[in-house]
Structures are given as structure tokens and as C-alpha cells.
Amino acid sequence: MIAAVHGLLRLLLLGAAALACGLLANALRTSGGIEVLRDYFGSGEPGAPSAAGGLRERAGAEFVLIGVRDALRSWSASRVDPTLVLFLDARGRAAFEGGRVPGAVLADYYDPPRILTEFAPLLAAAPVSRFVVYCESDECEDGFLLCRFLRDSVGVDPSRIRLFLGGMRAWRRAGGPLAKGLLP
Amino acid sequence: MKASRAGNSAAGSGTAGASAARGARLAALALGGVFCAFGFEKVRAPAEFLKALHGYAILPGGPPFLENASALALPWFELLCGALLIAGVWRRTAALALLGLLVAFTLAVLQRGLRIAGETGACICSVRFDCGCGSGPVPFCAKLIENSALMLLAVLAGLPSPTCARGRARRSARAR
């Protein structure tokens, strides 16, 4: 009995120490941390889509979805007139640097300092008429979450947002041009 | 003759106890190493772990800070338990804590894998996803086997060491 109580106390201590370490390490991070009170996934919708089908339905109900052919067409148009379309990469920095749509801007949904302090005002004032948001593949939820962020937190009209659901996987498969590094 | 037989049996149980203790120590070292590596990977990228954790829908409808705080605390919990196992301090507590985590997450992996297979119509063992375990996208069946092996290690590492058992018996005899 006493041993069980000791074990339980040790577990509680370990849990408290882990939480303290996690919060401290998070506070010391300059980027890539988590905002503890931020509702990342929309509190009304518990659970994430486990497969492409679920995400397609949910995203399609809120935004215009485009395929790789439309994405390539939009990209060609943006090369001629940069104010027509801006590609937003919703993946993390490492994936962005590893290979992205040329001219795309890094907009990591999980990097709150960058996205909230630097990126949101820029996007609100952007002269571009349309945003094409993409992620890694049609199983990736981050593009959809970024679309919601643009609509709800930045105030972008949803009619200006296109979600390229196939993402980089479809882009690569279609032989789309690639750029590497952080600079456009 | 009797004394010599008793001596032999004591020596035999001593040898068995020593090898059991060695086995538990080795299991603790292996389990500790694995969880330190997994924990470190998650500590490096908390957002990735938050996404994976959300995918399991373990805390549906709960306040967002609960999920966010869990994504921050769990990797450190694994790291701390792993370090304790390697150091040989609070070995049983750390092993049982990791066993609890393994059981909970194996059930969650099982549920998620079956759901994906059901939705996509794919063969169960061809399902691959990032389980958030710190090892990237993995085949579903391989993950289940890996977790079963880790659970076995946790059980071995959590076995009471013979010296502890002897000490406890001595203490209770003295109390009597």
C-alpha cells in the first residue's frame, strides 16, 4: 500500500517536472514553439481528418479546392503578373527549404510569432488578388488550417483563397518547377 | 548433506536472482535509450507532435490548452523516464509509467490505423502514418510489433529486483 502511494507520488512528481520542463523550453524557443492558449484546430471540430477523404470534404465545404493543373496554370500566370497569385507554403521551414513552388512564401501555421507579427499585416495589405495555399499532400491538414487563419484572423475574403489540396507531392509528380532555400 | 543441498539451492536462487536483475537492468537500459531518443525528437519539434497528438483525438472537445500542454509535457515525460531508467533511479516507477503510455498509445495507434484502413479501403498492413512517436511515418503493423516489444521491455524493466524484495522481506520480518 505504502509502496503504491510512493509510486503514485513519484509519478505525479515526474508529470509536474515534465510539464515544467516543457513550458520552460517552449518559452525559451525563438521559433517553432507552441502557443499554449491558442486554438490551433478549431474548438468546434474535435479530431483531425485521418485520411484524404475527410479533409477534402471539410475543406471543400469552406474553400475552393484546386488540382495540380489549376495550380500550374496559376503559377504560370503569377510569373507574368506577380499581383495575380501568391503561393503560400503551409509546411515547416525545413520542408520549405528542401523544395517548394518557386515564388512561394513560407507561412508555417505553427510558427505563431512569424505568422502573427510579420506575416498577417503583410498579407492583409498584399495587392495580390488570389492566394494559393498548399501543404505536402492531400493528407496534410495544415493548408486547410492556414486558409482558415487567413479568413478568420487576417480577414482575407475566402473568395480570394484557393486550396491546392494535392500539395507538393502532386506538384512534383506533375513535374512542376522547384525552388530551394528560403529566398523567393 | 541437507546443509549442502540447502547451500546449493541458495546459491542457485542467488544466481537466478542475479541474472534476473541483470536482465531487468539491460531491459531498463534499452527502454531508456529508446525513449530518450523518441523524447528528444519530439522535444525538438513540438508542433509536429501536437499535430500527431491531435490526430489521435484523445482529448476531443477539451479546451485547447490541454492538448497544447500535453504536447509540451509528454516528450519531456518520456525523456525524464528514459533518463531515470538509464540511471537506474526510480526504475520501477519509470518503467510502469512508460508501460502505461505504451498501452494507451498502442490502443490509439490501433484505432487510428483501423480507421484509416476503413476509410481508404487499403490493406491494414499497407497503412502508413506519422504516429508522432518520434520516428516519422511508419507502417502500421510494424509500429504495433515495435510497441509490443517495447511493452515487453517495460514489463521486464519494471520487475522488482531481488535485492529490493529481500530488503522488504527483512524489514517486514523485523517489524514482526
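These remarks concern the structure in this document. (Residues numbered from 1 in each chain as written. Chains lettered and ligands numbered in written order. Predicted model: local features only at pLDDT ≥ 70, side-chain atom pairs only at ≥ 80, totals over all residues. Heavy atoms only, no water.)

## Quick word on the overall build of chain A
In terms of regular secondary structure, chain A is built from seven helices and five strands. Its helices and strands taken in sequence order, chain A reads α-α-β-α-β-α-β-α-β-α-β-α from the N to the C terminus. Carbon and sulfur atoms make up 61% of the accessible area of chain A, which amounts to about 9,000 Å² in all. (Helix = DSSP H or I, 4+ residues; strand = E, 2+ residues; numbered from the N terminus. Areas by Shrake-Rupley, 256 points an atom, 1.4 Å probe, with all protein chains shown as cover.)

## Concerning the overall build of chain B
Broken down by element type, chain B carries six helices and two strands. The 176 residues of chain B split such that 40% are buried. Across chain B, contacts joining residues at least 24 apart in sequence account for 66% of those joining residues at least 6 apart. When the accessible area of chain B is evaluated, it comes to approximately 8,900 Å², of which 68% is carbon and sulfur surface. (Buried < 20%, exposed > 50% of the residue type's maximum accessible area, 1.4 Å probe, protein only. Contact = heavy atoms within 4.5 Å.)

## Structural notes on the sheet that holds strand β4 (residues 130-134) of chain A
All names here are of chain A. The parallel open sheet is built from five strands, whose spatial order is β1-β5-β4-β2-β3. Every other strand in the sheet has two partners, leaving β1 (64-66) and β3 (105-106) as the edge strands with one partner each. Of the pairings in the sheet, the one linking strand β2 (residues 85-89) to β3 comprises two bridges and is parallel in character. Paired with D89 across the strands is L106, a residue of β3. (Pairing = 2+ DSSP bridges.)

## Digging into helix α2 (residues 46-56) of chain B
Residue and element names in this part refer to chain B. The element α2 is extensively covered by neighbouring structure, given that nine of its eleven residues are classed as buried. If you check which residues of α2 are buried, you get P46, A47, F49, L50, A52, L53, H54, G55 and Y56. A57, located one to two residues past α2, shows a positive phi value of around 50 degrees.

## A few points about the side chain of D142(A)
You can see D142(A) is positioned in helix α6 (residues 142-154). Within the structure, D142(A) has its side chain in polar contact with the side chain of K51(B) (distance 2.7 Å). Once residues within four sequence positions are removed from consideration, D142(A) is found in contact with A90(A), Y109(A), Y110(A), C135(A) and K51(B). (Polar contact = N/O pair within 3.5 Å; in protein donor to acceptor, adjacent residues only side chain to side chain.)

## Quick word on the pairing of strand β5 (residues 161-164) of chain A
Residues and elements named next belong to chain A. Side-chain alternation along β5 places I161 and L163 on one buried face and R162 and F164 on a second face that is also buried. In this structure, β1 lies alongside β5, joined through three bridges in parallel fashion. Following the sheet pairing, L65 is matched in β5 by L163. Chirality of the crossover, the property in question, places the unit of β4, α6 and β5 among those that are right-handed. (Right-handed = clockwise from strand over helix to strand, strands pointing away.)

## Quick word on unusual backbone geometry
Positive phi, close to 50 degrees, is recorded for W90(B), a residue that is not glycine. By the secondary structure assignment, W90(B) is in the loop between α3 (64-87) and α4 (91-120).

## Thoughts on the pattern of salt bridges
Residue and element names in this part refer to chain A. Here the structure, examined in full by the defined rule, presents 13 salt bridges over all chains. For D89, the salt bridge is made with R91, and the minimal N-O distance between the two is 2.8 Å. As far as the burial class goes, D89 and R91 line up, both buried. Between R151 and D152 there is a salt bridge, with the nearest N and O atoms lying 2.8 Å from each other. Among the residues examined, R151 registers a relative accessible area of 24% and is labelled partly exposed. You can call D152 exposed: its relative accessible area is 53%. One salt-bridge network, held together by shared partners, links E62, R148, R151 and D152. (Salt bridge = Lys/Arg side-chain N within 4 Å of Asp/Glu carboxyl O.)

## Let's talk about the interface of chain B and chain A
On the chain A side, the residues contacting the 32 residues of chain B number 34 residues. The three residues of chain B that bury the most area against chain A are H54(B), L72(B) and W90(B), which together make up 22% of that side's buried surface. Summed over the shared surface of chain B and chain A, the result is one salt bridge. The interface formed by chain B and chain A contains seven residue pairs in polar contact (both at pLDDT 80 or more). The set of elements that each furnish at least two residues to the side of chain B that touches chain A consists of α1 (2-44), α2, α3 and α4 of chain B. Here the residues of the side of chain B that touches chain A are counted per class, giving 21 nonpolar, six polar and five charged. (Buried area = accessible area lost by both parts, 1.4 Å probe. Nonpolar A, V, L, I, M, F, W, Y, C, P; charged D, E, K, R; others polar.)

## Focus on the packing of aromatic side chains
All names here are of chain B. The full count for this structure, using the stated rule, is 13 aromatic pairs over all chains. With 6.1 Å between their ring centres and 70 degrees between their planes, F35 and F38 make a pair best called edge-to-face. Here F35 pairs with F38, and both are found in helix α1, just three residues apart, close to one helical turn. Looking at F38, the relative accessible area reads 14%, which means it is buried. (Phe/Tyr/Trp six-rings, centres within 6.5 Å; stacked < 30°, edge-to-face > 60°.)

## Details of the state of the cysteines
A complete count under the given rule lists two disulfides over all chains for this structure. C135(A) shares a disulfide with C140(A); S-S distance 1.7 Å. For the pair formed by C135(A) and C140(A), the shared burial category is buried. Here C125(B) connects covalently by a disulfide to C141(B), the sulfurs 1.9 Å from one another. Measuring handedness by torsion sign, the sulfur bridge of C125(B) and C141(B) sits at about -85 degrees and is left-handed. Separated by 16 residues along the polypeptide, C125(B) in the loop between α4 and β1 (128-130) and C141(B) in helix α5 (residues 140-157) bring together distant segments of the chain. Since its relative accessible area comes to 42%, C125(B) is described here as partly exposed. This cysteine, C36(B), is not joined by any disulfide, and C81(B) carries the nearest cysteine sulfur, 9.5 Å off. Under the relative-accessibility criterion, C36(B) is labelled buried at 19%. C123(B) takes part in no disulfide bond, and the closest cysteine sulfur, belonging to C125(B), lies 5.6 Å away. (Disulfide = S-S within 2.5 Å.)

None of this, on its own, says anything about what the molecule does.
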